[in-house]
Amino acid sequence: MEGAPVNVNEFQELPRKALPKMYYDYYSGGAEDEYTLKQNVEAFQGITILVDVSRINLSTTVLGYKISAPILVAPSAKHKWAHPEGEVATARAAAACDTIMILSYRSTCTIEEVASSCNAVRFFQCYVQNTRGEIYIYANIVQRAERCGYKAIFLTIDSPRLGRKEKDIKNKMVNPQLKNFEGLISTQDDGSNIEAFDANTAFDPLFLGRYRDIGWLRSITNLPVLLKGVLTAVEVGVDGIVVSNHGARQLDYAPPTISVLEEVVGAVKGKVPVLFDGGIRRGTDVLKALALGAQAVLIGRLAVYGLAAKGEYGVKRVIEMLRDELELTMALSGCPTLNHISRKHVRTKHERP
Ligand code: FNR
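Residues numbered from 1 in each chain as written. Predicted model: local features only at pLDDT ≥ 70, side-chain atom pairs only at ≥ 80, totals over all residues.

Caption draft 1: Examining the pairing of strand E7 (residues 225-230) more closely. With six of six residues buried, E7 lies mostly within the body of the structure. Two elements, strand E6 (residues 153-156) and E7, share four bridges in a ladder whose sense is parallel. Looking at the pairing, Phe154 lines up with Leu226 of E7. Here E7 runs beside strand E8 (residues 240-243); their pairing, made up of four bridges, is parallel. Bridge assignment links Leu226 to a residue of E8, and that residue is Gly240. (Buried ≥ 20, exposed ≤ 12 C-beta atoms within 10 Å, placed from the backbone. Helix = DSSP H or I, 4+ residues; strand = E, 2+ residues; numbered from the N terminus. Pairing = 2+ DSSP bridges.)

Here is the structure:
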């Protein structure tokens, strides 16, 4: 409607014109000089609301390393299927965004190639092996990562066996050569040994009951060790955990990670950092995960999609877009820094409105 009031102050003006003066004065008037009447309103103007969201600071640290936003790149395998430059491009993009990439040990560029691709802090992910020979390989690889300057080991424990991915079966998917294992597994034939190594036997089905193996891992490296793939609280003596269900690629009907985050955070009681991944697609998702107690989130598929679409630039844009969305979400929620994000900022389905 033309000329309709858009705020209450404009409403106040309408009766001044519409009502007889006596009636209007009766409603609007106050005592004597009307000093207090005016002051009642003006006194509000002297008070500022103390949340200055004109500048939002998204930076934080993970394991003591500063990053521009609480968004890291999750380990994922086979980046050369997405782009010829593979993990090297992903690593450069993460570095350009001042954040950290966790390199999968099933990468298509080697630990060394990624390490020399650019100057940045990087973490390394590995799995649990199950035979003596393979444990040798595993130690070798962890120690290579340490020598190349990777700053932490993420041990993925949600894959005692590989999940059954029916699309891969229908596609008759064949794994590419695992670059990090070249020369470690005998390749007298066409590399099929490496392929076999990558099958189910490469993972340790007993590991979930054998946390003492973390002691062994600690004995072969000086790097901090974090567990990735935790959905329920465990007492094992690690330097951090990642609440993750492997991007829903292993156990179907495992709970969505965001639904268990708070419970795990509650059990950890701040003793070690809790990171989170699974289903992050928006800046609002990042804020929700932080509000429920995560220190930072990891993105898996988003980074790979960025890489497939536009190489290094694509990964960079994906991280920047998420970062921009998070910044706007924080401004609109009155959070100038990550420390301002609290449990009060979210309400889950189970909480009464
Ligand atoms: C993964 N993920 C994974 N995790 C890991 O510890 N080692 C790995 O080699 C891989 N490989 C891998 C390949 C692909 C194609 C995907 C999509 C994921 C899991 C990954 O680290 C992360 O947990 C999930 O991707 C997070 O979920 P979103 O962000 O993809 O929803």
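Following the structure, the description resumes.
Caption draft 2: Looking closely at the site of the ligand. Looking at the ligand, there are 21 residues lining it, with Ala74, Ser104, Gly247, Gly300 and Arg301 nearest. Partitioned by chemical class, the residues of the shell around the ligand number six nonpolar, ten polar and five charged. (Near = placed C-beta within 6 Å. Nonpolar A, V, L, I, M, F, W, Y, C, P; charged D, E, K, R; others polar.)

Caption draft 3: Local environment of the pairing of strand E10 (residues 296-299). Of the two faces of E10, the one carrying Ala296 and Leu298 and the one carrying Val297 and Ile299 are both buried. Here three bridges tie strand E3 (residues 71-73) to E10, and the two strands are oriented parallel to one another. Within the sheet, the bridge partner assigned to Leu72 lies in E10 and is Leu298. Of the pairings in the sheet, the one linking strand E9 (residues 274-277) to E10 comprises three bridges and is parallel in character.

Caption draft 4: A look at the UniProt feature "active site" (unreviewed entry) in the protein. When the UniProt feature table is mapped to this numbering, "active site" (unreviewed entry) covers His246. Residues in contact with His246, not counting those within four places in the same chain, are Asp158, Ser159 and Gly229. (UniProt positions renumbered as here; feature names shortened; annotations may be inferred. Contact = placed C-beta atoms within 7 Å.)

Caption draft 5: Representation of the nonpolar core. Core analysis: the biggest nonpolar cluster contains 78 residues, and Ile102, Phe124, Val243, Ala294 and Val297 have the highest contact counts within it. Considering each element in turn, this core owes the most residues, ten residues, to helix H12 (residues 301-332). (Core = buried A, V, L, I, M, F, W, Y, C linked by C-beta atoms within 7 Å.)

Caption draft 6: How the structure looks around H12. Along its 32 residues, H12 runs just 27 Å from first to last C-alpha, ending more than 12% under the 46 Å computed at 1.5 Å per residue. Of all bends in H12, the biggest is about 140 degrees, found at Lys310. Taken from the residues just after H12, Gly334 is the one with a positive phi, measuring 70 degrees. (Expected span 1.5 Å × (residues − 1). Bend = angle between axes of the 7 residues up to and from the residue.)

Caption draft 7: Fine view of helix H4 (residues 86-96). For H4, a buried count of nine out of eleven residues is recorded, marking the element as mostly surrounded by other parts of the structure. Looking only at H4, the buried set comprises Gly86, Glu87, Val88, Ala89, Thr90, Ala91, Arg92, Ala93 and Ala94. Residues of H4 that are buried make contact with E3, strand E4 (101-104), helix H5 (111-115), strand E5 (122-126) and H12. Looking one or two places after H4, you find Asp98, whose phi comes out positive at around 55 degrees.

Caption draft 8: Spotlight on unusual backbone geometry. Its identity is not glycine, yet Glu34 carries a phi of approximately 60 degrees, on the positive side. Structurally, the position occupied by Glu34 is in the loop between helix H2 (21-28) and helix H3 (35-45).

Caption draft 9: Molecular detail of the packing of H4 against H12. Here H4 crosses H12 at 15 degrees, and the two axes come no closer than 7 Å. By the angle between their directions, the pair H4 and H12 is classed as roughly parallel. As for the relative orientation of H4 and H12, their crossing is left-handed in sense. Touching Ala89, Thr90, Arg92, Ala93 and Ala96 of H4 are Ala303, Leu307, Gly311, Glu312, Val315, Lys316 and Ile319, all from H12. Of the residues in the contact of H4 with H12, the class split is seven nonpolar, two polar and three charged. (Axes fitted to C-alpha atoms, helices over the stretch in contact; angles between N-to-C directions. Parallel < 35°, antiparallel > 145°, perpendicular 65-115°, else oblique. Left-handed = near helix turned anticlockwise from the far one by under 90°.)

Caption draft 10: Fine view of the confidence of the model for the protein. For the protein, mean pLDDT is 87; residues scoring 70 or higher make up 87% of the total. pLDDT under 50 marks residues 187-197. Its contacts with residues more than four places away, or in other chains, come to 13 contacts. Among the prediction metrics, the complex's ipTM stands at 0.99, with pTM recorded as 0.86. (pLDDT = per-residue confidence, 0-100.)

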